[in-house]
Amino acid sequence: MKLHWLATGLLALALDPPPAGAAPRPKRQIDPSLVALQSELASLDGPEGYYTRTYRPSETLYWSNLPGWMREAAQRHRAARVLDIGCGYGTLLAFATEIFHAQPFCIDVVHYIPQFGERYGFQFAQGNIQLDPIPWAGGFDVILMTEVLEHFNFEPLPTLKKIHDALKPDGVFYLTTPDADEWGRQTKYYSQLRDLPPADRTRPFIDDHVWVYSKKELLQLLKDAGFRVERFAYSPGVGHRHFNLELRRETG
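My aim in this report is to walk through the structure given alongside it, one point at a time. (Residues numbered from 1 in each chain as written. Predicted model: local features only at pLDDT ≥ 70, side-chain atom pairs only at ≥ 80, totals over all residues. Heavy atoms only, no water.)

## Section: the pattern of salt bridges
Consideration 1: Scanning the model with the defined rule gives 11 salt bridges in all.
Consideration 2: Taking the shortest distance from any N to any O, the salt bridge between Asp179 and Arg241 comes out at 2.6 Å. Residue Asp179 is located in the loop between β5 (167–178) and α7 (180–183), and its partner Arg241 is located in the loop between β6 (227–235) and β7 (242–249); the two are separated by 62 residues in the primary sequence.
Consideration 3: Taking relative accessible area as the criterion, Asp179 reaches 0% and is therefore assigned buried.
Consideration 4: We classify Arg241 as partly exposed; its relative accessible area is 22%. (Salt bridge = Lys/Arg side-chain N within 4 Å of Asp/Glu carboxyl O. Helix = DSSP H or I, 4+ residues; strand = E, 2+ residues; numbered from the N terminus. Buried < 20%, exposed > 50% of the residue type's maximum accessible area, 1.4 Å probe, protein only.)

In structure tokens:
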């Protein structure tokens, strides 16, 4: 049975299932450092583990542009603290920790393969970014949130403003999420983005893609939250593409 992890803000395992009949995308070269980290995770997970058999072959397809962007950013700016919202297995956080030489922090609903995080010094907190405060004081130089936004159960703007406020003025926020133009609209729960309710702990949690964003919706939402798009690109995903964004805090 395939695990489909919830992300409301914290999940980052988020292996999105390939759409029926989707054509395979061309393979891309993976950063050698990521390959080494994946192999380390696979050794901890074992040959029959979910990461090894299912998640590893797909994870980089959702955020294929981010490793190169982060390498370039690490050459221009120093980073002391990195936060991954929905860190999942922690592949991308470990990569960021290495190239930025930074202290890693992560939030998720489950601690996957904790031995891996211990090796890289992850400070882990169990929680939901839409319902819980970020548990560490002080700002972050780099924030990651990959394949989480589409799982938000509640109106997204307050949470994105929370992330904006946690980012240092010269920090960078990396975000990925599916593109509705290829994935199609998800109207099973809400017919419009504005129908998503305010955060409420008493509401039953939806374990699914709650809202899949169009480019126009996503860019407007990020602008409203106070972010400026530094870079925008697509990654292939599994069958359908995903948005990859490098964001900065808007100034002025």
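## A closer look at the packing of aromatic side chains
Consideration 1: What the rule picks out here adds up to 12 aromatic pairs.
Consideration 2: For the pair Phe232 and Tyr234, a centre-to-centre distance of 5.3 Å together with 85° between the ring planes defines the contact as edge-to-face.
Consideration 3: Classification of Phe232 as partly exposed rests on a relative accessible area of 25%.
Consideration 4: Ring pairs connect the aromatic residues Tyr51, Tyr55, Tyr89 and Tyr112, which therefore count as one cluster.
Consideration 5: A cation over a ring is seen here: Arg241 above Tyr234, with NZ or CZ 3.9 Å from the ring centre. (Phe/Tyr/Trp six-rings, centres within 6.5 Å; stacked < 30°, edge-to-face > 60°. Lys NZ or Arg CZ within 6 Å of the ring centre and 35° of its normal.)

Note that every value here comes from positions in space, so none of it alone points to a role or purpose.
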